[in-house]
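# Structure at a glance
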Amino acid sequence: MKKEADIAARGLRAFARAAMAGAALALASQDLLAAPSSQPIAAPFASPVAAPPPPAPVAAKLAAPPADCGVTPDGFSAWLQGFKQQAEIDGLPPAVIDSALSDVAYDPDVIAHDRRQGSFGQDFDKFVAKRVTAYRVRKGRQMLVAYAEPLEKIEKRFGVPGPVLVAIWGLESEFGAGVGNYPTFNALATLAYDCRRADQFREELVDALKLVARGDMQPEEMHGAWAGEIGQTQFMPSTYLKYATSADGGVIADLVGNAEDALASTANFLKNKGWKRGQGFHEGEPNFAALLEWNAAPVYAKTIAFFADRLAESDAQ
(Lines give C-alpha, C1' and ligand atoms only; values in the text may rest on other atoms or scores of the structure.)
Protein backbone atom coordinates (compact mmCIF):
# COMPACT_ATOMS: atom_id res chain seq x y z
CA MET A 1 0.00 0.00 0.00
CA LYS A 2 2.82 2.39 0.85
CA LYS A 3 4.48 1.78 -2.48
CA GLU A 4 1.30 2.50 -4.33
CA ALA A 5 0.80 5.68 -2.26
CA ASP A 6 4.33 6.93 -3.17
CA ILE A 7 3.68 6.36 -6.84
CA ALA A 8 0.41 8.34 -6.64
CA ALA A 9 2.12 11.22 -4.80
CA ARG A 10 4.88 11.48 -7.41
CA GLY A 11 2.20 11.55 -10.15
CA LEU A 12 0.38 14.40 -8.47
CA ARG A 13 3.58 16.43 -8.12
CA ALA A 14 4.45 15.92 -11.80
CA PHE A 15 0.97 16.95 -12.83
CA ALA A 16 1.25 20.11 -10.71
CA ARG A 17 4.63 21.04 -12.22
CA ALA A 18 3.23 20.56 -15.72
CA ALA A 19 0.21 22.68 -14.94
CA MET A 20 2.39 25.47 -13.56
CA ALA A 21 4.68 25.40 -16.60
CA GLY A 22 1.68 25.64 -18.92
CA ALA A 23 0.33 28.64 -17.02
CA ALA A 24 3.70 30.41 -17.18
CA LEU A 25 3.94 29.79 -20.91
CA ALA A 26 0.45 31.21 -21.41
CA LEU A 27 1.31 34.34 -19.44
CA ALA A 28 4.52 34.84 -21.41
CA SER A 29 2.58 34.59 -24.71
CA GLN A 30 0.09 37.21 -23.58
CA ASP A 31 2.88 39.61 -22.61
CA LEU A 32 4.55 39.16 -25.98
CA LEU A 33 1.37 39.89 -27.86
CA ALA A 34 0.63 42.97 -25.76
CA ALA A 35 4.10 44.49 -26.23
CA PRO A 36 4.29 47.36 -28.82
CA SER A 37 6.01 46.47 -32.08
CA SER A 38 9.04 48.51 -33.25
CA GLN A 39 8.33 47.70 -36.92
CA PRO A 40 5.61 49.41 -38.98
CA ILE A 41 2.78 47.22 -40.15
CA ALA A 42 1.94 47.69 -43.78
CA ALA A 43 -1.72 48.15 -44.60
CA PRO A 44 -2.92 45.34 -46.78
CA PHE A 45 -3.48 46.29 -50.48
CA ALA A 46 -2.42 49.90 -49.90
CA SER A 47 -2.22 52.03 -53.13
CA PRO A 48 1.24 53.41 -53.87
CA VAL A 49 1.57 57.15 -53.19
CA ALA A 50 2.39 59.09 -56.43
CA ALA A 51 5.54 61.21 -56.35
CA PRO A 52 4.85 64.98 -56.48
CA PRO A 53 5.30 66.49 -60.00
CA PRO A 54 8.49 68.45 -60.61
CA PRO A 55 8.08 72.21 -60.39
CA ALA A 56 7.17 73.88 -63.65
CA PRO A 57 10.13 75.61 -65.31
CA VAL A 58 10.16 79.36 -64.84
CA ALA A 59 9.82 81.04 -68.24
CA ALA A 60 12.54 83.52 -69.09
CA LYS A 61 11.29 87.09 -68.99
CA LEU A 62 11.51 88.39 -72.53
CA ALA A 63 11.95 92.05 -73.28
CA ALA A 64 8.91 93.63 -74.87
CA PRO A 65 9.38 94.31 -78.59
CA PRO A 66 9.89 97.98 -79.46
CA ALA A 67 6.71 99.89 -80.21
CA ASP A 68 5.93 100.45 -83.85
CA CYS A 69 5.73 104.19 -83.24
CA GLY A 70 5.62 106.61 -80.34
CA VAL A 71 4.39 109.99 -79.21
CA THR A 72 7.19 110.72 -76.72
CA PRO A 73 10.98 110.36 -77.04
CA ASP A 74 11.08 107.53 -74.49
CA GLY A 75 10.87 104.62 -76.92
CA PHE A 76 12.94 106.12 -79.73
CA SER A 77 16.20 104.26 -79.06
CA ALA A 78 14.52 100.85 -78.95
CA TRP A 79 12.51 101.67 -82.08
CA LEU A 80 15.65 102.79 -83.94
CA GLN A 81 17.45 99.57 -83.06
CA GLY A 82 14.56 97.58 -84.45
CA PHE A 83 14.52 99.71 -87.61
CA LYS A 84 18.24 99.08 -88.17
CA GLN A 85 17.75 95.33 -87.86
CA GLN A 86 14.85 95.37 -90.31
CA ALA A 87 16.79 97.53 -92.78
CA GLU A 88 19.61 94.98 -92.77
CA ILE A 89 17.13 92.13 -93.25
CA ASP A 90 15.70 94.04 -96.22
CA GLY A 91 19.12 94.11 -97.86
CA LEU A 92 20.61 97.50 -97.06
CA PRO A 93 24.37 97.28 -96.43
CA PRO A 94 25.26 97.20 -92.72
CA ALA A 95 28.05 99.73 -93.29
CA VAL A 96 25.55 102.20 -94.78
CA ILE A 97 23.09 101.68 -91.93
CA ASP A 98 25.82 102.21 -89.35
CA SER A 99 27.29 105.30 -91.01
CA ALA A 100 23.89 106.96 -91.44
CA LEU A 101 22.12 106.01 -88.22
CA SER A 102 24.78 105.48 -85.56
CA ASP A 103 24.48 109.05 -84.22
CA VAL A 104 20.83 109.70 -85.02
CA ALA A 105 18.82 111.40 -82.26
CA TYR A 106 15.19 112.28 -81.71
CA ASP A 107 14.58 115.95 -82.57
CA PRO A 108 11.64 117.57 -80.71
CA ASP A 109 11.96 120.68 -82.89
CA VAL A 110 11.01 118.60 -85.94
CA ILE A 111 7.86 117.46 -84.15
CA ALA A 112 7.05 121.04 -83.17
CA HIS A 113 7.25 122.10 -86.83
CA ASP A 114 5.10 119.19 -87.89
CA ARG A 115 2.38 120.05 -85.41
CA ARG A 116 2.06 123.72 -86.27
CA GLN A 117 1.63 123.53 -90.04
CA GLY A 118 -1.25 125.76 -91.02
CA SER A 119 -0.05 128.18 -93.65
CA PHE A 120 -1.44 126.14 -96.56
CA GLY A 121 -4.93 126.90 -95.34
CA GLN A 122 -4.41 130.66 -95.64
CA ASP A 123 -6.22 132.94 -98.03
CA PHE A 124 -4.34 133.15 -101.36
CA ASP A 125 -3.73 136.91 -101.14
CA LYS A 126 -2.15 136.60 -97.70
CA PHE A 127 -0.17 133.52 -98.69
CA VAL A 128 1.26 135.01 -101.87
CA ALA A 129 2.02 138.38 -100.27
CA LYS A 130 4.41 136.70 -97.81
CA ARG A 131 6.19 134.68 -100.50
CA VAL A 132 6.27 136.66 -103.73
CA THR A 133 8.05 139.70 -102.36
CA ALA A 134 9.67 142.49 -104.34
CA TYR A 135 13.07 141.10 -103.38
CA ARG A 136 12.25 137.63 -104.67
CA VAL A 137 10.87 138.96 -107.93
CA ARG A 138 13.99 141.06 -108.49
CA LYS A 139 16.34 138.21 -107.51
CA GLY A 140 14.39 135.74 -109.63
CA ARG A 141 14.71 137.91 -112.71
CA GLN A 142 18.45 138.11 -112.13
CA MET A 143 18.58 134.30 -111.97
CA LEU A 144 16.67 134.03 -115.24
CA VAL A 145 19.42 136.05 -116.87
CA ALA A 146 22.31 134.31 -115.09
CA TYR A 147 21.02 130.83 -115.96
CA ALA A 148 19.51 131.66 -119.33
CA GLU A 149 21.57 129.11 -121.26
CA PRO A 150 21.02 126.06 -119.01
CA LEU A 151 17.35 126.98 -118.60
CA GLU A 152 16.92 127.05 -122.38
CA LYS A 153 18.49 123.58 -122.66
CA ILE A 154 16.30 122.28 -119.86
CA GLU A 155 13.16 123.60 -121.54
CA LYS A 156 14.12 121.93 -124.82
CA ARG A 157 14.67 118.68 -123.00
CA PHE A 158 11.62 118.63 -120.70
CA GLY A 159 9.24 121.32 -121.98
CA VAL A 160 9.10 123.27 -118.70
CA PRO A 161 9.76 127.04 -119.10
CA GLY A 162 12.43 128.82 -117.08
CA PRO A 163 10.12 131.16 -115.12
CA VAL A 164 8.22 128.18 -113.64
CA LEU A 165 11.45 126.49 -112.55
CA VAL A 166 12.94 129.67 -111.09
CA ALA A 167 9.68 130.42 -109.25
CA ILE A 168 9.86 126.98 -107.59
CA TRP A 169 13.55 127.52 -106.85
CA GLY A 170 12.86 130.84 -105.14
CA LEU A 171 9.93 129.55 -103.09
CA GLU A 172 11.68 126.41 -101.94
CA SER A 173 15.13 127.64 -100.96
CA GLU A 174 15.55 131.34 -101.75
CA PHE A 175 17.38 130.36 -104.98
CA GLY A 176 19.68 127.95 -103.16
CA ALA A 177 20.56 130.24 -100.25
CA GLY A 178 18.38 128.43 -97.73
CA VAL A 179 18.47 124.68 -98.26
CA GLY A 180 18.09 124.07 -94.51
CA ASN A 181 20.31 122.93 -91.65
CA TYR A 182 18.37 120.00 -90.20
CA PRO A 183 20.37 116.75 -90.37
CA THR A 184 18.32 114.70 -92.80
CA PHE A 185 18.56 111.40 -90.93
CA ASN A 186 17.59 112.99 -87.60
CA ALA A 187 14.54 114.59 -89.21
CA LEU A 188 13.41 111.49 -91.08
CA ALA A 189 14.01 109.10 -88.18
CA THR A 190 12.07 111.37 -85.80
CA LEU A 191 9.09 111.53 -88.16
CA ALA A 192 9.33 107.80 -88.95
CA TYR A 193 9.05 107.06 -85.22
CA ASP A 194 6.27 109.59 -84.61
CA CYS A 195 2.83 107.98 -84.91
CA ARG A 196 1.22 110.72 -87.02
CA ARG A 197 2.79 109.76 -90.36
CA ALA A 198 5.05 106.86 -89.42
CA ASP A 199 4.58 104.70 -92.53
CA GLN A 200 5.20 107.55 -94.95
CA PHE A 201 8.42 108.67 -93.30
CA ARG A 202 9.68 105.15 -92.71
CA GLU A 203 9.71 104.74 -96.49
CA GLU A 204 11.51 108.06 -96.87
CA LEU A 205 14.11 106.99 -94.30
CA VAL A 206 14.75 103.78 -96.23
CA ASP A 207 15.10 105.78 -99.47
CA ALA A 208 17.58 108.13 -97.79
CA LEU A 209 19.70 105.08 -96.92
CA LYS A 210 19.44 103.98 -100.55
CA LEU A 211 20.80 107.34 -101.66
CA VAL A 212 23.87 106.74 -99.51
CA ALA A 213 24.21 103.17 -100.77
CA ARG A 214 23.94 104.40 -104.38
CA GLY A 215 26.72 106.92 -103.80
CA ASP A 216 24.75 110.12 -104.34
CA MET A 217 25.70 111.60 -100.96
CA GLN A 218 27.40 110.82 -97.69
CA PRO A 219 25.30 111.02 -94.51
CA GLU A 220 27.20 114.02 -93.15
CA GLU A 221 26.39 115.94 -96.35
CA MET A 222 22.68 115.36 -96.02
CA HIS A 223 20.92 118.28 -94.39
CA GLY A 224 17.91 120.29 -95.40
CA ALA A 225 14.38 121.15 -94.29
CA TRP A 226 12.79 119.91 -91.08
CA ALA A 227 10.71 117.27 -92.93
CA GLY A 228 13.72 115.72 -94.66
CA GLU A 229 13.69 117.56 -98.00
CA ILE A 230 17.09 117.82 -99.67
CA GLY A 231 18.60 120.22 -102.20
CA GLN A 232 17.93 123.58 -103.79
CA THR A 233 14.38 122.69 -104.82
CA GLN A 234 13.77 120.46 -101.78
CA PHE A 235 13.36 116.89 -102.99
CA MET A 236 12.22 114.19 -100.60
CA PRO A 237 14.56 111.15 -100.75
CA SER A 238 12.00 109.11 -102.72
CA THR A 239 11.73 111.89 -105.30
CA TYR A 240 15.51 112.27 -105.40
CA LEU A 241 15.91 108.57 -106.20
CA LYS A 242 13.38 108.68 -109.04
CA TYR A 243 13.87 112.06 -110.71
CA ALA A 244 17.32 113.45 -109.94
CA THR A 245 19.24 114.13 -113.15
CA SER A 246 22.15 116.31 -114.13
CA ALA A 247 21.66 119.29 -116.43
CA ASP A 248 23.69 117.59 -119.17
CA GLY A 249 21.81 114.31 -118.89
CA GLY A 250 24.41 112.45 -116.85
CA VAL A 251 23.63 109.79 -114.28
CA ILE A 252 25.13 111.58 -111.27
CA ALA A 253 23.28 114.67 -110.06
CA ASP A 254 24.12 117.08 -107.24
CA LEU A 255 20.91 118.74 -106.11
CA VAL A 256 22.55 120.47 -103.15
CA GLY A 257 25.60 122.14 -104.67
CA ASN A 258 24.64 122.43 -108.34
CA ALA A 259 21.75 124.73 -109.23
CA GLU A 260 21.57 123.51 -112.83
CA ASP A 261 21.14 119.91 -111.68
CA ALA A 262 18.43 120.99 -109.24
CA LEU A 263 16.53 122.88 -111.95
CA ALA A 264 16.84 120.01 -114.45
CA SER A 265 15.63 117.52 -111.87
CA THR A 266 12.63 119.73 -111.05
CA ALA A 267 11.73 119.84 -114.74
CA ASN A 268 12.16 116.07 -114.96
CA PHE A 269 9.73 115.63 -112.07
CA LEU A 270 7.09 117.87 -113.66
CA LYS A 271 7.41 116.16 -117.04
CA ASN A 272 6.92 112.76 -115.41
CA LYS A 273 3.86 114.11 -113.61
CA GLY A 274 2.18 115.04 -116.88
CA TRP A 275 3.56 118.46 -117.85
CA LYS A 276 2.51 119.32 -121.41
CA ARG A 277 4.88 121.41 -123.46
CA GLY A 278 3.50 124.81 -124.44
CA GLN A 279 0.34 124.53 -122.33
CA GLY A 280 -0.85 126.89 -119.59
CA PHE A 281 -0.12 126.29 -115.90
CA HIS A 282 -2.73 128.35 -114.09
CA GLU A 283 -5.71 126.89 -112.25
CA GLY A 284 -8.02 125.27 -114.79
CA GLU A 285 -5.24 124.87 -117.39
CA PRO A 286 -3.57 121.56 -118.36
CA ASN A 287 -0.32 121.95 -116.42
CA PHE A 288 -1.87 123.04 -113.13
CA ALA A 289 -2.30 119.35 -112.27
CA ALA A 290 1.48 118.86 -112.54
CA LEU A 291 2.02 121.77 -110.13
CA LEU A 292 -0.35 120.08 -107.69
CA GLU A 293 1.88 117.01 -107.91
CA TRP A 294 4.75 119.20 -106.78
CA ASN A 295 2.70 120.44 -103.83
CA ALA A 296 -0.83 119.22 -103.23
CA ALA A 297 -1.97 122.49 -101.62
CA PRO A 298 -3.84 124.50 -104.29
CA VAL A 299 -2.71 127.77 -102.68
CA TYR A 300 0.92 126.78 -103.23
CA ALA A 301 0.38 125.69 -106.84
CA LYS A 302 -1.40 128.97 -107.56
CA THR A 303 1.51 130.86 -105.97
CA ILE A 304 4.01 129.13 -108.28
CA ALA A 305 1.96 130.18 -111.29
CA PHE A 306 1.61 133.76 -110.02
CA PHE A 307 5.33 134.03 -109.27
CA ALA A 308 6.25 132.64 -112.71
CA ASP A 309 4.10 135.32 -114.35
CA ARG A 310 5.81 138.06 -112.36
CA LEU A 311 9.23 136.75 -113.39
CA ALA A 312 8.26 136.55 -117.05
CA GLU A 313 7.02 140.16 -117.13
CA SER A 314 10.54 141.45 -117.63
CA ASP A 315 10.72 139.62 -120.96
CA ALA A 316 7.71 141.52 -122.29
CA GLN A 317 9.03 144.93 -121.28
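It should be emphasised that the depicted structure is a prediction, and the values quoted were computed from it without experimental measurement.

Parameters at a glance
- Residues numbered from 1 in each chain as written.
- Predicted model: local features only at pLDDT ≥ 70, side-chain atom pairs only at ≥ 80, totals over all residues.
- Heavy atoms only, no water.
- Helix = DSSP H or I, 4+ residues; strand = E, 2+ residues; numbered from the N terminus.
- Contact = heavy atoms within 4.5 Å.
- Buried < 20%, exposed > 50% of the residue type's maximum accessible area, 1.4 Å probe, protein only.
- Arc of directions from axis to C-beta.
- Core = buried A, V, L, I, M, F, W, Y, C linked by side-chain atoms within 4.5 Å.
- pLDDT = per-residue confidence, 0-100.
- Disulfide = S-S within 2.5 Å.
- Phe/Tyr/Trp six-rings, centres within 6.5 Å; stacked < 30°, edge-to-face > 60°.
- Lys NZ or Arg CZ within 6 Å of the ring centre and 35° of its normal.
- Expected span 1.5 Å × (residues − 1).

## Observations regarding the overall build of the protein
- Within the protein one finds 14 helices and two strands.
- Contacts in the protein between residues far apart in sequence, at least 24 positions, make up 68% of those at least 6 positions apart.

## Quick look at helix α3 (residues 94–101)
- If you check which residues of α3 are buried, you get Val 96, Ile 97, Ala 100 and Leu 101. All buried residues of α3 project into a common sector of 100° when viewed along the axis, lining one side. The exposed set on the far side of α3, more than 90 degrees from its buried face, consists of Ala 95 and Asp 98.

## Focus on the environment of Glu 204
- Note that Glu 204 resides in helix α10 (residues 198–214).
- A residue is classified by how much of its surface remains accessible, and Glu 204, at 9% relative accessible area, is buried.
- Residues Glu 204 and Leu 191 lie 13 residues apart in sequence; the distance between their C-alpha atoms is 9.7 Å.
- Residues in contact with Glu 204, not counting those within four places in the same chain, are Leu 188, Met 236, Pro 237 and Ser 238.

## A word on the nonpolar core
- Counting residues in each nonpolar core, the largest one holds 79 residues, and the members touching the most others are Leu 101, Val 164, Phe 185, Leu 270 and Leu 291.
- It is helix α14 (residues 298–316) that contributes the most residues to this core, eight residues altogether.
- Apart from the residues within four sequence positions on either side, Val 164 is in contact with Leu 270, Trp 275, Phe 281, Leu 291, Ile 304 and Ala 308.

## What about the confidence of the model for the protein?
- Residues with a pLDDT of 70 or more make up 76% of the protein, whose mean pLDDT is 84.
- Taken as a whole, residues 1–50 scores under 50 in pLDDT and shows zero contacts with residues more than four places along the chain or in a different chain.
- Here residues 57–64 scores under 50 on pLDDT; set against residues more than four positions off or in separate chains, the count is zero contacts.

## So, the state of the cysteines
- According to the stated counting rule, one finds one disulfide in the structure shown.
- Here Cys 69 pairs with Cys 195 through a disulfide, and the sulfurs are 2.1 Å apart. Its S-S torsion of approximately 95° makes the covalent link between Cys 69 and Cys 195 right-handed. On the criterion of sequence distance, the pair formed by Cys 69 in the loop between α1 (2–34) and α2 (76–89) and Cys 195 in the loop between α9 (184–193) and α10 is long-range, its members being 126 residues apart.
- Judged by relative accessible area, Cys 69 falls into the partly exposed class, the value being 24%.
- What makes Cys 195 partly exposed here is its relative accessible area of 34%.

## Some thoughts on the packing of aromatic side chains
- In total, this model carries 14 aromatic pairs according to the counting rule given.
- A centroid spacing of 5.3 Å and a plane angle of 85° characterise the contact between Phe 269 and Trp 294, whose relative ring orientation is edge-to-face. A residue pair is termed long-range when its members are at least 10 positions apart, and Phe 269 in helix α12 (residues 259–272) and Trp 294 in helix α13 (residues 288–294) qualify at 25 residues.
- Its relative accessible area of 14% is what places Trp 294 among the buried residues.
- One aromatic cluster in this structure is built from Phe 76, Trp 79, Phe 83, Tyr 106 and Tyr 193.
- The positively charged end of Arg 131 is found above the aromatic ring belonging to Phe 127, 3.7 Å away from the centroid.
- One cation-aromatic arrangement involves Lys 302 over Phe 124; the distance from NZ or CZ to the ring centre is 4.9 Å.

## Describing α2
- Here α2 contains 14 residues, and its C-alpha end-to-end distance of 20 Å stays within 8% of the 20 Å for a straight helix at 1.5 Å per residue.
- Those residues of α2 not exposed but buried are Phe 76, Trp 79, Leu 80, Phe 83, Lys 84 and Ala 87. With its buried residues spanning 140° around the axis, α2 presents them on a single face.
- On the buried face of α2, the contacting elements are α3, α9 and α10.
- Just past α2, the residue Gly 91 takes up positive phi, approximately 105°.

## Some details on unusual backbone geometry
- Even without glycine at this site, Glu 174 takes up a positive phi of about 55°.
- Structurally, Glu 174 is set in the loop between α8 (162–173) and β1 (182–183).
- Even without being glycine, Phe 175 reaches a positive phi, approximately 60°.
- Mapping Phe 175 onto the fold places it in the loop between α8 and β1.
- Take Phe 175: its relative accessible area is 6%, and that puts it in the buried class.

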